Each structure stands twice: as structure tokens, then as C-alpha cells.
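Remarks on the overall topology
Letter by letter, the chains look like this.
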Amino acid sequence: MAKIQKRFVCQSCGSVSSRWQGQCVDCSEWNTLVEETPAIVTPFHAKHNLQGGGRTVTMVALDAEIPLPARRASGIAELDRALGGGFVEGSATLIGGDPGIGKSTLLLQAAALMALAGADVAYVSGEEAADQVRLRARRLGLGEAPVRLASATSVRDILTTLGSGRPPELLVIDSIQTMHSDLIEGAPGTVSQVRASAQELIRFAKERGTALVLVGHVTKDGTIAGPRVLEHMVDTVLSFEGERSHQYRILRAIKNRFGGTDEIGVFAMEAQGLTEVSNPSSLFLTQRDEGVTGTVVFPALEGTRPVLVEIQALVVRLASGATPRRAVVGWDSGRLAMILAVLEARCGLSFSSAEVYLNVAGGYRVQDPAADMAVAAALVSALSERPVPTDAIAFGEVALSGEVRSVAHAALRLKEGAKLGFGQALVPAALAREQAPMRLSGFPTLARLVDHLLGRG
């Protein structure tokens, strides 16, 4: 007799359990285990040998002269930069971001520009009616673009419609959490439905050479909702970042099988939609004529693009016995604790009785370890109330020993600083001998930098 196997899948993280329980053992969420359709296992299935009976797969040599998949430009240079040069035929791209950040606006602009350039583009919305998408296109000034619009949530209906004629060159699905496959049970948005719907759409894209773009919802932590396997199924994963209270948006590649993941695209949200920012440093720098204590300009590097951002620090002395607070916005709090420890142990500065606040201006998030020196300079400036020169930039990695180490792509950082009018740079001592378009001040240790900022020599 056939044996029926029951399996319960967590709707939050996708883990599988053989029995139902109130709390998922992997993600600790409550009441998220849902029973999936049971599979029938027979002795024939259990003992069947998979080494025969299939069709032969064609093997291709690695050095074979086969034309590579073609790319198609989207008409938006910043989007093409993040993608690695444009959309690839037969590729699947997943883009996620907070609600209202501009995902649908960006994709509608790209779809309209590609359609105006002669490409066959289809836009399927599962969240909005077709008239709503048309109204947005008119507001963006793209109402005349020949984009095929549809409002549907059934994957079978979508693939039947697109498969009846010539397949589109670009297919946008907004969003994958609203799609529904009638092959399995479950409501749209569940783990099984998202996985099955994405699999069918990706299979269509691979077989017909269509560039597929899936819009994904995100959780409160900022990660893409649904099963983790969804990110493994697609070729490219893009994250659309930014604060809704700020004007700028950053498109960052998290995974890219057709390019690098070290490039970003920078956009500004305006009344006419998202506009490209060719000089992102202008978004994150404060225009001032005189020095302010606790502020240092740092040339961050995103891929091959340097971006100048302003590091702001504030040190507040407290009464004896009060517990000091450490607050960080836009940087790693653990990294700040390390810099404070090095300043106390290696440089003789005391922050134990002071509150420390650190902020990256403009809402930018810095992950570059070269920001250590700029953060240390900002903290010393805020503690001593001595401003760093307004025409100076600073970068370098700080070790626990207090040594200031070199960082990658120093020439690009210096060139960007010189282009924006900065005349001097505080750099590691190993870089001070390099040819640069500005005056360099090299420091082998953090203690030497502190002495320089405090005027000790």
C-alpha cells in the first residue's frame, strides 16, 4: 500500500517539518507551519534507479565558440550600471525594496524607454489595475510608450497569453508575491506559491529568451520576503535602498551572474519620477564656508565609483556616574566601539564619560573599512572642539594596534576629491609618497593623526 508522507512548510523561512508544531524551530515564528499537498511514495518510486531511462544531455566544451547572450540597454544608465551593462536575454532579475521606494516607478520608466526604442515589452501588475499603471505613465510623461499592460495574478493565464504569439523581449511581473499557480494549493504569497510561480515564469524566460524582472516584497528587516530559494533561482538580485524622507535612492546588486556586485546606481526621486544622478557626491556633502567641529569628508568607494560623504560626530560630556550612550546612523556600531577603544588605549583620549553620536550625512550607509580614519578624525575633532580643515578628506583602515593601513583604489578617491575642490588628504603613510592631484599628509599610526589634529607637532 502506498505510504502517505505529510510535510509542513514554514511560511516565513521555508523550513520543512514532518509534524505540525506551534513554533518554527528555525526562525522561531509562531503559527507559520502549513501542511502541503502530501506526496505518495510507492515501493517502485523508492527503489527506482535513476541511472537509466532518461534522455541524453548535450555537453558543451568550456572553450567552445558559442555566441554569448546578448544584452539590451534599458535606456537608464544607472540601472544598466547596476545590472552590469543591461538586461540579458533569458535572464531572471529580482528587485526588492521598501514599499513606496520607487521599484514600480523605475521599472515602468525602463519598460517605457525600451518600448520607445523598439523593444517588445510586457508589464503585468498583480497589485494595480491597468488604468492605474497608465495614469502613472502619463504622470511620468511616458503615456505614449507602446508597452503591453495587463492586470493578472494567474501564472497560467499570463503564460498562455504571452505564449500564443511572439514572446516579449522584457517581461515585468509586479509583484511575485501576488502571483498564483493552480498546480498547487495555497493562497498567493505563501512559500509554495511564490516558489512555484517563480519557477514557471523563469522556465518561460529561459525557453523563450525573454528578460524577466520580478518585483519582490521585503520584510521588516529589509530582506526579500518569501523562500530563500527564490534568490537562488534568479540570475540577478537588486536591492533598491534609501529613506523615503530623503530624495536619493541607491540601486545595489546583491547577486549577479552576468556581472559584478560592486556597482551601484544612484537616483533622485522628483515629481517627474526617478532621475539619474551622475555626481552622487553632491547629494551627501554639506555646503559650508567655515569649519565645523566633528565633521570630516570621506571618499567612499562603491564599485568603481567614488562617492564623497560627510562623517559627523558629536561628543557630549556627562556628569560623573552617568551611563554614556553610543548612537550610530549609517555605520557599523561594532566598528565605532573598536575605534573608540583604539583611541583610548593607543592615543590616550578618554570617551568613557561622554556620549558619542555618529552620523553619515544624507542617510548614506557606509560599509567601507577605509572610513576608520575619517571616523577617528571626526571623533577627535568633536572631543577637542578643533575643526578639521574644510578642504581636507580622510581615509584609511585602523588596526587594533593603532596602525593606519592602506586601502584599495586610493587614486580614485583622491581624484574624486580633487575634482570637487578639496586640496589636501589625510592618508596612511604608505600612500603619502604617491603622486596625487592634492597635498597628502601621511600618518603611520592613529596617535600621529591625533597629534596632528590637536596641534601637538
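Residues numbered from 1 in each chain as written. Predicted model: local features only at pLDDT ≥ 70, side-chain atom pairs only at ≥ 80, totals over all residues. Heavy atoms only, no water.

- With an unreviewed UniProt entry as reference, the protein is termed DNA repair protein RadA, source organism Sphingomonas olei.

**Remarks on the layout of surface pockets**
- Counted as a void, the largest pocket has a volume near 420 Å³.
- In terms of lining residues, the largest pocket is bounded by 19 residues, among which Asp-98, Ser-239, Glu-241, Gly-242 and Arg-365 are the most central.
- Among the secondary structure elements, those contributing two or more residues to the lining of the largest pocket are strand 13 (236–241) and strand 14 (248–256).
- Here the lining of the largest pocket is built from residues that sort into five nonpolar, seven polar and seven charged.
- Taken as a whole, the second largest pocket encloses approximately 360 Å³ of empty space.
- Considering the residues around the second largest pocket, the lining is formed by 15 residues, among which Ser-12, Cys-13, Thr-219, Ala-225 and Gly-226 are closest to the centre.
- Here the residues of the lining of the second largest pocket sort into four nonpolar, seven polar and four charged. (1 Å grid on protein atoms, 1.4 Å probe; cavity = no way out; pocket = protein on both sides within 12 Å on 5 of 7 lines; lining within 4 Å. Points joined across faces, edges and corners; volume = space filled by probe spheres on them. Helix = DSSP H or I, 4+ residues; strand = E, 2+ residues; numbered from the N terminus. Nonpolar A, V, L, I, M, F, W, Y, C, P; charged D, E, K, R; others polar.)

**Some details on the UniProt feature "binding site: ATP" (unreviewed entry) in the protein**
- On the UniProt side, "binding site: ATP" (unreviewed entry) is annotated at positions that read Gly-97, Asp-98, Pro-99, Gly-100, Ile-101, Gly-102, Lys-103 and Ser-104 here. Put simply, the named residues that line the largest pocket are Gly-97, Asp-98 and Ile-101.
- With respect to the secondary-structure elements, Gly-97 resides in strand 8 (residues 92–97).
- Once residues within four sequence positions are removed from consideration, Gly-97 is found in contact with Lys-103, Gly-216, Val-218 and Phe-240.
- Along the chain, Ile-101 falls in the loop between strand 8 and helix 3 (103–116). (UniProt positions renumbered as here; feature names shortened; annotations may be inferred. Contact = heavy atoms within 4.5 Å.)

**What to know about the sheet that holds strand 2 (residues 8–10)**
- As summarised here, the arrangement of the three strands in space is 3-2-4, forming an open sheet in which the pairing is antiparallel. Bordering the open sheet on either side are strand 3 (16–17) and strand 4 (33–35), each of which pairs with just one other strand.
- In the sheet, strand 2 pairs with strand 4 via three bridges, with the strands oriented antiparallel. From the neighbouring strand, Phe-8 faces strand 4, where its bridge partner is Glu-35. (Pairing = 2+ DSSP bridges.)

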